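# Working through the structure, step by step
Each chain, written out:
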Amino acid sequence: MANSAQAQKLVYLVTGGCGFLGEHVVRMLLQQEPRLRELRIFDLHLGPWLEELKTGPVQVTAIQGDVTQAHEVAAAMDGAHVVIHIAGLVDVFGRASPKTIHEVNVQGTQNVIEACVQTGTQFLVYTSSMEVVGPNIKGHPFYRGNEDTPYEAVHKHPYPCSKALAERLVLEANGRKVRGGLPLVTCALRPTGIYGEGHQIMRDFYHQGLRLGGRLFRAIPTSVEHGRVYVGNVAWMHVLVARELEQWAALMGGQVYFCYDKSPYKSYEDFNMEFLGPCGLRLVGARPLLPYWLLVLLATLNALLQWLLRPLLLYAPLLNPYTLAVANTTFTVSTNKAQRHFGYEPLFSWEDSRTRTIRWVQALESSAQ
Ligand SMILES: NC(=O)C1=CN([C@@H]2O[C@H](COP(=O)(O)OP(=O)(O)OC[C@H]3O[C@@H](n4cnc5c(N)ncnc54)[C@H](O)[C@@H]3O)[C@@H](O)[C@H]2O)C=CC1
Ligand SMILES: CC(C)CCC[C@@H](C)[C@H]1CC[C@H]2[C@@H]3[C@H](O)CC4=CC(=O)CC[C@]4(C)[C@H]3CC[C@]12C
């Protein structure tokens, strides 16, 4: 491990560094990137936990900023060698308008690319999503697919549309000349559904289960498999890509990689029960309690209510036609592209990932008491 002052020369910028994935990436960089001199964390909302990081050997700079503001991004990026662009509006519940989702996810990404060109930042890692591929609006299954699996990617929802557009911008920017004349090297990582410490939807399901007397009711058939990946492994992949991009620029530049690990293939609900079960919750029903047509009706009703109530209040339940379609369509990944291209192996085994997530849910339980 390099530990001389000379070896600590790199400046990294992480956008969205205070979110669920961003915090894991920030902590992982500080643990696993010995060449780091300065770590800049750029986010709309800065977390108080950043303070504890400022006492270590790496200079940690917190920057409150908005990716939709080109000048803020360019100022934050000046002098950075690598940018990991994680910031995004993750909204499939209708909380934000399609316009806002586009501004943050697409215009924000364009601003990051232009800032690379303007400031001379040569390496850009973008957090894309499985949603760029699917599930598509036709509900076609994607079963054990990889980066080259043919699939009809047709989107209507603002979130996947925005991620697909932003990913395309990032990949097309590969090879553009940045200030100083060197080529920009970009690549995109596509996590499936991320889980682990800090996962808001897991937290919501846990609290909902507690409110329902320790029970959750099955809504999705066990046969529908959903790809999931542990947040620590997604973070590790980001750190590795950022590290290897310079050496393997010709191979990795302009490429996409699914994020994967050894998490088992299960339905969305059965997978969540791997953590919620040991914390005292029970999933009621071997089969969905409500027929699918009724769920579709309820989801449509929710969408209608959301639209009717919008002038008065924000009604954004978990169930809507889009989330139902995603949860009800098999989407699983089986690939080793990241291993072949940059030597990725998951840092956390399934057992570790499970134990860490269970401990986190258990801590939620004690902090709620
Ligand atoms: N959570 C998941 O299962 C998956 C997430 N992703 C992608 O991973 C990335 C991170 O997702 P999460 O950590 O789950 O979301 P998150 O909502 O926890 O984190 C996003 C972060 O971006 C920041 N941000 C939002 N708008 C911003 C703006 N205008 N300027 C600066 N910062 C802004 C937020 O403050 C937040 O800290 C997103 O790009 C998302 O599309 C991809 C696949 C799955
Ligand atoms: C009550 C319903 C029947 C079940 C609700 C579950 C849903 C809220 C979630 C099921 C699948 C999730 C999505 C999936 O993991 C892929 C994603 C990737 C992203 O980039 C962002 C998040 C998400 C869209 C994720 C959102 C929640 C689900 C739809």
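No experiment lies behind these values; they were computed from the predicted model shown.

Among the 16 residues in the neighbourhood of ligand 2, the closest are listed as Ser129, Glu131, Tyr159, Gly193 and His226. Within the contact set of ligand 2, an oxygen atom lies 2.7 Å away from a side-chain nitrogen or oxygen of Ser129. Coverage of ligand 2 by the protein amounts to 89% of the 610 Å² it exposes when considered alone. Of the residues that constitute the shell around ligand 2, the class distribution is 11 nonpolar, four polar and one charged.

The next thing to look at is the UniProt feature "transmembrane region" (unreviewed entry) in the protein chain. Under the present numbering, the feature "transmembrane region" (unreviewed entry) in UniProt falls on residues 290-309. Annotated as residues 290-309, this span is 90% helix and 0% strand, and its ends, taken at the C-alpha atoms, are 26 Å apart.

The next subject is the side chain of Glu167. Structurally, Glu167 can be placed in helix α5 (residues 158-173). Side-chain polar atoms of Glu167 contact the side chain of Ser128, separated by 2.7 Å. When sequence neighbours within four positions are dropped, the list of residues in contact with Glu167 reads Tyr126, Ser128, Val132, Ala188, Arg190 and Val256.

At a minimum axis distance of 9 Å, the contact between helix α3 (residues 70-77) and helix α4 (residues 98-119) shows a crossing angle of 45 degrees. Classed by the angle they form, the pair α3 and α4 counts as oblique. Classified by chirality, the crossing of α4 by α3 is right-handed. Residues Ala70, Val73, Ala74 and Met77 of α3 touch α4, and the partners they reach there are Asn111, Val112, Ala115, Cys116, Gln118 and Thr119. Taken together, the residues of the contact of α3 with α4 break down into seven nonpolar, three polar and no charged.

A word on the UniProt feature "domain: 3-beta hydroxysteroid dehydrogenase/isomerase" (unreviewed entry) in the protein chain. This chain's UniProt record puts "domain: 3-beta hydroxysteroid dehydrogenase/isomerase" (unreviewed entry) on residues 13-283. Counted over residues 13-283, helix gives 38% and strand 20%. Its end C-alpha atoms are 42 Å apart.

What follows deals with the nonpolar core. In this structure, Tyr12, Leu29, Leu39, Ile84, Leu276 and Phe342 are the most contacted members of the largest nonpolar core, which totals 64 residues. Leu124, Ala166, Val178 and Leu184 belong to the second largest nonpolar core, which has 26 residues in total.

We now examine the layout of surface pockets. Taken as a whole, the second largest pocket holds about 520 Å³ of empty space. Lining the second largest pocket are 26 residues; nearest its centre among them are His157, Pro158, Asn320, Pro321 and Tyr322. Elements represented by at least two residues in the lining of the second largest pocket include exactly α4, α10 (292-309) and α11 (321-327). A class-by-class count of the residues in the lining of the second largest pocket yields 15 nonpolar, eight polar and three charged.

Turning next to the site of ligand 1. In the vicinity of ligand 1, 25 residues are found, and the nearest of them are Asp43, Asp66, Ile86, Tyr159 and Lys163. Here an oxygen atom of ligand 1 sits 2.8 Å away from a polar atom, N or O, in the main chain of Ile86. About the coverage of ligand 1: the protein hides 85% of its 820 Å² of free accessible area. Classifying every residue of the shell around ligand 1 by side-chain character gives 12 nonpolar, 10 polar and three charged.

A word on the environment of Leu297. In this structure, Leu297 sits in helix α10. Each C-alpha atom, one on Leu297 and one on Phe217, is 17 Å from the other, the two residues being 80 residues apart in sequence.

Another aspect to go through is a nonpolar patch on the surface. Taken together, the side chains of Leu212, Phe217, Leu289, Leu290, Leu298, Leu301, Leu304, Leu305, Trp307 and Leu308 present a nonpolar region at the surface, about 910 Å² in accessible area. Within the fold, Leu298 resides in helix α10. Looking at Leu298, the relative accessible area reads 33%, which means it is partly exposed.

Calculation notes
- Residues numbered from 1 in each chain as written.
- Chains lettered and ligands numbered in written order.
- Predicted model: local features only at pLDDT ≥ 70, side-chain atom pairs only at ≥ 80, totals over all residues.
- Heavy atoms only, no water.
- Near = heavy atom within 4 Å.
- Polar contact = N/O pair within 3.5 Å; in protein donor to acceptor, adjacent residues only side chain to side chain.
- Areas by Shrake-Rupley, 256 points an atom, 1.4 Å probe, with all protein chains shown as cover.
- Nonpolar A, V, L, I, M, F, W, Y, C, P; charged D, E, K, R; others polar.
- UniProt positions renumbered as here; feature names shortened; annotations may be inferred.
- Helix = DSSP H or I, 4+ residues; strand = E, 2+ residues; numbered from the N terminus.
- Contact = heavy atoms within 4.5 Å.
- Axes fitted to C-alpha atoms, helices over the stretch in contact; angles between N-to-C directions.
- Parallel < 35°, antiparallel > 145°, perpendicular 65-115°, else oblique.
- Left-handed = near helix turned anticlockwise from the far one by under 90°.
- Core = buried A, V, L, I, M, F, W, Y, C linked by side-chain atoms within 4.5 Å.
- Buried < 20%, exposed > 50% of the residue type's maximum accessible area, 1.4 Å probe, protein only.
- 1 Å grid on protein atoms, 1.4 Å probe; cavity = no way out; pocket = protein on both sides within 12 Å on 5 of 7 lines; lining within 4 Å.
- Points joined across faces, edges and corners; volume = space filled by probe spheres on them.
- Patch = residues over 30% accessible without salt bridge, like charges linked within 9 Å, V, L, I, M, F, W, Y side chains within 5 Å.
- Salt bridge = Lys/Arg side-chain N within 4 Å of Asp/Glu carboxyl O.

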